[in-house]
Each structure stands twice: as C-alpha cells, then as structure tokens.
Amino acid sequence: MKARPSASKGELFACARCGDAERLRTLLDGDSTVRWALDMFDGSERTALYIACRAGHADVARLLIEAGATVDKAKTAWQAQGVTALHACAHFGHAGTAELLLDAGAGLNTPSDKGTPLFVACQRGHVEMATLLLARGAAVDRSDEVDGATALLIACQEWLIAAAARRDTLRYREAARLCLEARADVSRAANDGVTPLFLACEDGNLSLAALLSEYGALRHGPPTGQWAAWTAEGMAQSHGHTDLLAWLRRSRS
C-alpha cells in the first residue's frame, strides 16, 4: 500500500534535514505522492528544499530541484518575510548549494526583511558566497528594504563591530573590498543618511577609512538629513580620534 501524503511529507523533510540523498531518491522514485509535498511548508514555514539548503546538503537539494521543487518559495512568517532557500545559503555560506539554486533560476536580488542574498552574505562575512553572487550579476547597490543599507554598508558595519569586540575582521574586510571592486557606490547613504566613511570616522577606524577613500568616498554629508552638516574630519574630531583626524587632513587632496 502506498504511503499517505502526510507520511511522505514527513519522510521528505527527514531526508532534507539529515542529507539522506539515497533515501530521498528511493522515495521520489517509489512514491508518487511525495511530489505533492515538494513545496509544502513544515511548522516553521520551511520547504524541504529550504531545509536542505540551510544545512548545505547539495545532493539532496539537487534531487529536490530535479523533482520540481520551487526554488524561490519564500517564507511569509513574521521576521522572515520573503526569505528563500538562496537567502539561507547566503546566511550559512553554502556557496556550492547556492550555485545549484542559481542554475535553476533562483532570484539573485530577491528582497526580504533580511535583505537580498548579497546583503545577507556580506553581513555574515561569507566571501565565497558574495563572490559567487556578484559573479552571477547581483545588484551591488540594492538597498535593504528596512533601513536602506547596502551590502557595502553592512559589511563595513560588521567590520567595525568585529574590531570593537577584538574579533577577526578579515572576512568583513574582504566582503567590503568585493563590493567596492564590483563598483558599489562608496558614498551611498542609508535612510538615516549615514555613509560607510562616516561609520568609519565615528568609530575611528583608519584602515576602513583608507580603503573607502581609495575608492573615492565623499568626505561631506548627504544634502539632507541628520548628517548633512557633518564632514569626515568633523566626525573624527568630535569623537576624539586624533590619528584618523590627522590622516584625513593629510589626505585631503
């Protein structure tokens, strides 16, 4: 007797969680009802494909895609609006699994309340993932729908947070550099008017300020908003960052 759809669904999710590609292949070949459950959610609004991608189970993800799973099936839950399997790959840094999704037509710039996949990758400092997304044509200046931050801005912010906590900053440095090499707008401000350089000057981070200046960061505030009257030098001076202030003055030209 064939398994009931509910039983098939449970097995499908179990295979996705543990990465059991052989069991999944047998299930797909032997039980026609399991395909009915491919795009169904579990109790946390996750499809089997999302679960597999979150865990980086590339073989399982490939089988699910080949069986017809929708690659851009998005969550609608509170604090997870629009999150897809590609966002999950970006969060956990599973570039190989993400490549399968992209080959199957997953949306590069799909917005969510966590940002685009590139935004998420840069926020987490997953350089390989960010490299893949940019190579596939991700929009480097696409702003986050919540606060208007870009992938560059979030990479810079995480760099500063890691530096303050005395953690390794290298992955965030590389994520920021990747965005800059992809011609990100170095002076693009978030909704509140803050720019990457102003973040660096507020924190007194000379390395970040120098990198942004190398790519032509503007040293004055945006035309309007709370930062409009500020300059990079004024920001550094007001926070007592004398070394950075001296460098900014020396490098005015």
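Residues numbered from 1 in each chain as written. Predicted model: local features only at pLDDT ≥ 70, side-chain atom pairs only at ≥ 80, totals over all residues. Heavy atoms only, no water.

(A) A look at the nonpolar core. Judged by nonpolar contacts, the single largest core of 85 residues is most densely connected at Leu49, Leu64 and Leu101. In terms of residue count, the dominant contributor to this core is helix 9 (residues 151-164) (9 residues). In this view, Leu101 contacts Leu49, Cys53, Ile65, Val71, Ala85, Leu86, Cys89 and Ala106; residues no more than four positions away in its chain are not counted. (Core = buried A, V, L, I, M, F, W, Y, C linked by side-chain atoms within 4.5 Å. Buried < 20%, exposed > 50% of the residue type's maximum accessible area, 1.4 Å probe, protein only. Helix = DSSP H or I, 4+ residues; strand = E, 2+ residues; numbered from the N terminus. Contact = heavy atoms within 4.5 Å.)

(B) Structural context of the pattern of salt bridges. Tallied over the entire structure, the rule returns 8 salt bridges. Salt-bridge contacts for Arg136 lead to Glu99; the nearest nitrogen and oxygen are separated by 3.6 Å. Taken together, the positions of Arg136 in the loop between helix 8 (127-135) and helix 9 and Glu99 in helix 6 (residues 95-103) put the pair 37 residues apart, joining distant regions of the chain. Its relative accessible area of 33% is what places Arg136 among the partly exposed residues. Note on Glu99: relative accessible area 36%, which makes it partly exposed. A salt bridge links Glu233 to Arg249; its shortest N-O distance comes to 4.0 Å. Placement of Glu233 in helix 13 (residues 232-238) and of Arg249 in helix 14 (residues 242-250) is noted, with a sequence separation of 16 residues between them. On the accessibility criterion, Glu233 (17% relative accessible area) is buried. It is possible to trace a salt-bridge network through shared partners that takes in Glu99, Asp103 and Arg136. (Salt bridge = Lys/Arg side-chain N within 4 Å of Asp/Glu carboxyl O.)

(C) Up close: the layout of surface pockets. Here the largest pocket is characterised by a volume of approximately 240 Å³. Forming the walls of the largest pocket are 13 residues, and the residues nearest its centre are Tyr50, Val83, His91, Phe92 and Lys114. Those elements that provide at least two residues to the lining of the largest pocket are helix 3 (48-55), helix 5 (85-92) and helix 7 (117-124). The element contributing the most residues to the lining of the largest pocket is helix 5, with 4 residues. (1 Å grid on protein atoms, 1.4 Å probe; cavity = no way out; pocket = protein on both sides within 12 Å on 5 of 7 lines; lining within 4 Å. Points joined across faces, edges and corners; volume = space filled by probe spheres on them.)

(D) Broad picture of the packing of helix 3 against helix 4 (residues 58-66). Axis separation between helix 3 and helix 4 bottoms out at 8 Å; the angle between their running directions is 155°. Accordingly, the angle class assigned to the pair helix 3 and helix 4 is roughly antiparallel. In the crossing of helix 3 with helix 4, the sense of the turn from one axis to the other is left-handed. Across from Ala48, Leu49, Ala52 and Cys53 in helix 3, the residues of helix 4 making contact are Val60, Ala61, Leu64 and Ile65. Taken together, the residues that form the contact of helix 3 with helix 4 break down as 8 nonpolar, no polar and no charged. (Axes fitted to C-alpha atoms, helices over the stretch in contact; angles between N-to-C directions. Parallel < 35°, antiparallel > 145°, perpendicular 65-115°, else oblique. Left-handed = near helix turned anticlockwise from the far one by under 90°. Nonpolar A, V, L, I, M, F, W, Y, C, P; charged D, E, K, R; others polar.)

(E) Fine view of helix 7. Of all 8 residues in helix 7, 6 are buried, a share of seventy percent or more. Among all positions in helix 7, only Pro117, Leu118, Phe119, Val120, Ala121 and Cys122 are buried. Buried-residue contacts for helix 7 involve helix 5, helix 8, helix 9 and helix 10 (170-181). Count one or two residues on from helix 7 and you reach Gly125, which has phi positive near 75°.

(F) Geometry of the packing of helix 5 against helix 7. Viewed as axis vectors pointing N to C, helix 5 and helix 7 meet at an angle of 15°, and their least axial separation amounts to 7 Å. Considering the angle they form, helix 5 stands roughly parallel to helix 7. The interaxial crossing formed by helix 5 with helix 7 has right-handed handedness. Residues Leu86, His87, Ala90 and His91 of helix 5 touch helix 7, and the partners they reach there are Pro117, Val120, Ala121 and Arg124. Residue classes in the contact of helix 5 with helix 7 are distributed as 5 nonpolar, 2 polar and 1 charged.

(G) Here's a closer look at the side chain of Thr116. With respect to the secondary-structure elements, Thr116 resides in the loop between helix 6 and helix 7. Here Thr116 is in contact with His87, Asn109, Thr110 and Arg142, once residues within four sequence places are set aside.

(H) Summary view of the environment of Ala176. Note that Ala176 resides in helix 10. Overall, Ala176 belongs to the buried group, its relative accessible area being 0%. Those residues in contact with Ala176, other than ones at most four positions away along the chain, are Leu152, Ala155, Cys156 and Trp159.

Worth remembering: the numbers are spatial, not functional.
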